[in-house]
Amino acid sequence: MAYIKGIRIVHDRYPTRDRYPFNLPVLGGTSTLTFPSQVTFFAGENGSGKSTLLRAICRSGGIHIWEEERRRRLKPNPFEKRFHEAVDIDWVNGPAPGSFFSSEIFTSYAQAVEEFAAADPGSLRFYGGSSLVTQSHGQSLMSFFRARSSFKGLFLMDEPETALSPRTQIEFLR
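Fair warning: this is a prediction, and the values are worked out from it, not measured in the lab. (Residues numbered from 1 in each chain as written. Predicted model: local features only at pLDDT ≥ 70, side-chain atom pairs only at ≥ 80, totals over all residues. Heavy atoms only, no water.)

Student: What's the story with the sheet that holds strand 1 (residues 3-9) in this structure? I'm lost.
Tutor: Across a sheet, paired strands are connected by hydrogen bonds in the backbone, their directions being either parallel or antiparallel. Spatial strand order, 2-1-3: 3 strands in an open sheet with antiparallel pairing. The open sheet has two free edges, formed respectively by strand 2 (32-34) and strand 3 (87-92), since each of these has just one partner strand. On average, each strand axis in the sheet is inclined to that of its neighbour by 20°, with strand direction left out of account. Where strand 1 meets strand 3, 6 bridges bridge the pair, whose relative direction is antiparallel. By the bridge assignment, I9 is partnered in strand 3 with V87. Strand contacts of helix 2 (residues 50-61): strand 1, strand 2 and strand 3, with the helix running at about 70° to strand 3, the strand carrying the most contacts. (Pairing = 2+ DSSP bridges. Helix = DSSP H or I, 4+ residues; strand = E, 2+ residues; numbered from the N terminus. Axes fitted to C-alpha atoms, helices over the stretch in contact; angles between N-to-C directions. Contact = heavy atoms within 4.5 Å.)

This is how it looks when you write it as structure tokens:
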């Protein structure tokens, strides 16, 4: 089984130290993170870098992040997606295929699945046979998680619990 044993943050590769995410205190003060088990939870305050770190691990490990094009900002940050350039991954048994989930992008993903299903209704079997957009947000997330858990690999999830009731969160953990 492949998974991540740890990561190294190489500060010498930072293109800047005064712009996000390179100015986050936790990233500037951390050189290594070890993951002693196959499941790791990141916890911390909003804006502390958890999502940024997950996305950097994905990009550094070659794990695709499905994202719909966003509206442009008036002042874009050219450094925002470059944190992965400073992250080295220590793998157990080599790199693993993986999947990234973010509740932030799930609605766009569900809508794209709906568009594919218009051409191939049978594709919804993968998600339990129901449209992801006609279920409640929490139900559609669970349909997605059930489908993804049938694949072996590394799962990086950013706030998967946001739309889940307490009972459904316990079901999700099972």
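Student: Help me understand the pattern of salt bridges, please; the structure alone is not making it clear to me.
Tutor: Close approach of charged atoms allows side chains with opposite charge to pair. All chains considered together, the criterion is met by 5 salt bridges. Of the charged contacts, one joins D88 and R13 as a salt bridge, the two residues approaching to 2.9 Å between their closest N and O atoms. Taken as a pair, D88 in strand 3 and R13 in the loop between strand 1 and helix 1 (25-28) lie far apart in primary sequence, 75 residues in all. Judged by its relative accessible area of 21%, D88 falls in the partly exposed class. (Salt bridge = Lys/Arg side-chain N within 4 Å of Asp/Glu carboxyl O. Buried < 20%, exposed > 50% of the residue type's maximum accessible area, 1.4 Å probe, protein only.)

Student: Got a minute to help me understand the packing of aromatic side chains in this structure?
Tutor: To describe a pair of aromatic rings, you give the distance between the ring centres and the angle between the ring planes. Taken as a whole and assessed by the stated rule, the structure comprises 14 aromatic pairs. For the pair Y14 and F83, a centre-to-centre distance of 6.2 Å together with 65° between the ring planes defines the contact as edge-to-face. Here F83 lies in the loop between helix 2 and strand 3 and Y14 lies in the loop between strand 1 and helix 1, a separation of 69 residues in the sequence. Pairing F145 with F172 gives two aromatic rings, centres 4.5 Å apart and planes at 45°, and the pair type is tilted. Placement of F145 in helix 4 (residues 137-148) and of F172 in helix 5 (residues 166-173) is noted, with a sequence separation of 27 residues between them. Residue class for F172 comes out partly exposed when judged on its relative accessible area of 24%. Three or more aromatic residues joined by ring pairs make a cluster, and in this case those are F101, F106, Y109, F144, F145 and F172. (Phe/Tyr/Trp six-rings, centres within 6.5 Å; stacked < 30°, edge-to-face > 60°.)

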